[in-house]
Each structure stands twice: as C-alpha cells, then as structure tokens.
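Listed below are the residues making up each chain.
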Amino acid sequence: MSIRDEIEARLRAEFAPDALRVEDESDQHIGHAGHDGRGESHFNVHIRATAFADMTRVAQHRAVHKALGDIVPRIHALALDIGA
C-alpha cells in the first residue's frame, strides 16, 4: 500500500470525513531537501470532518498527527488544510 493510501485510510477510519483529498506533491520537490528520488515524501491533505468542529487549530493538527502515527516520521513534509 502506498503512503498516500495509508494516510487516506487512517484519516477515514479516525474522522469519517465529509471531504478528504490526499495529494502526493513529491514530484514538485525534486532537488529539494527531503526528496530522495523515491517519491512519497511530500503530502498535502485537505480534510473536512465534524470531529474538528470544537477543536482549536493546534488540536486539529495534533489529532491528525496522532491518527497518522508512524507515517509522520516516514515522510518529509505534511501540509494540512483542516476544517469542520
């Protein structure tokens, strides 16, 4: 399973989002720090779920990082666009 698919599966399982888009933007970072040529290093996540409604922005980010667990150390960059 690709890292992108792992991210999507974990976020769906944890938050049952109304909208979820996980984009692998690794190709946009060729030659930059953290891109080792293999890809799957830079991701952009757009997620909307009612679970985030009463959370601060920091709490939302912490919740996503917790849900992703061991994936976070395996990638270089994770951009998050979170909302309720």
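(A) Up close: the pattern of salt bridges. Going through the model one piece at a time under the given rule, you end up with 9 salt bridges. Across the salt bridge formed by D5 and R4, the nearest N and O atoms sit 2.9 Å from each other. The exposure class of D5 is partly exposed, given its relative accessible area of 32%. Between E8 and R4 there is a salt bridge, with its nearest N and O atoms 2.8 Å apart. With E8 and R4 both in helix α1 (residues 3-15) and 4 residues apart, the pair spans about one turn of that helix.

(B) Main features of the nonpolar core. Ranked by size, the top nonpolar core spans 19 residues in total, and within it I7, L11, F15, V45, I47, F52 and V64 carry the most contacts. Sorting the residues of this core by element identifies α1, β1 (19-24), β2 (42-48), α2 (57-68) and β3 (77-83) as the ones contributing at least two each. When residues no more than four places from it in sequence are discounted, the contact partners of L11 are A16, P17, L20, V45, I47, V64, A67 and L68.

(C) Structural view of the packing of α1 against α2. In the contact formed by α1 and α2, the axes pass within 9 Å of each other and the chain directions differ by 120°. On the basis of the axis angle, α1 is oblique to α2. For α1 against α2, the interelement crossing comes out right-handed. Counting all contacts with α1, which are made through I7, R10, L11, E14 and F15, the residues of α2 involved are A63, V64, A67 and L68.

(D) α1, seen in detail. Taking 1.5 Å per residue, 13 residues should reach 18 Å; α1 reaches 18 Å between its end C-alpha atoms and fits that length. Among all positions of α1, only I3, E6, I7, E8, L11 and F15 are buried. The inward-facing, buried residues of α1 contact β1, β2 and α2.

(E) Layout of the environment of A63. For A63, the position within the fold is in helix α2. Residues A63 and L11, 52 residues apart in the sequence, show an inter-C-alpha distance of 9.9 Å. Apart from residues lying up to four places away in sequence, A63 is in contact with F15 and M55.

So, how was this worked out
- Residues numbered from 1 in each chain as written.
- Predicted model: local features only at pLDDT ≥ 70, side-chain atom pairs only at ≥ 80, totals over all residues.
- Heavy atoms only, no water.
- Salt bridge = Lys/Arg side-chain N within 4 Å of Asp/Glu carboxyl O.
- Buried < 20%, exposed > 50% of the residue type's maximum accessible area, 1.4 Å probe, protein only.
- Helix = DSSP H or I, 4+ residues; strand = E, 2+ residues; numbered from the N terminus.
- Core = buried A, V, L, I, M, F, W, Y, C linked by side-chain atoms within 4.5 Å.
- Contact = heavy atoms within 4.5 Å.
- Axes fitted to C-alpha atoms, helices over the stretch in contact; angles between N-to-C directions.
- Parallel < 35°, antiparallel > 145°, perpendicular 65-115°, else oblique.
- Left-handed = near helix turned anticlockwise from the far one by under 90°.
- Expected span 1.5 Å × (residues − 1).

Everything listed here is a matter of geometry and, on its own, says nothing about what the molecule does.
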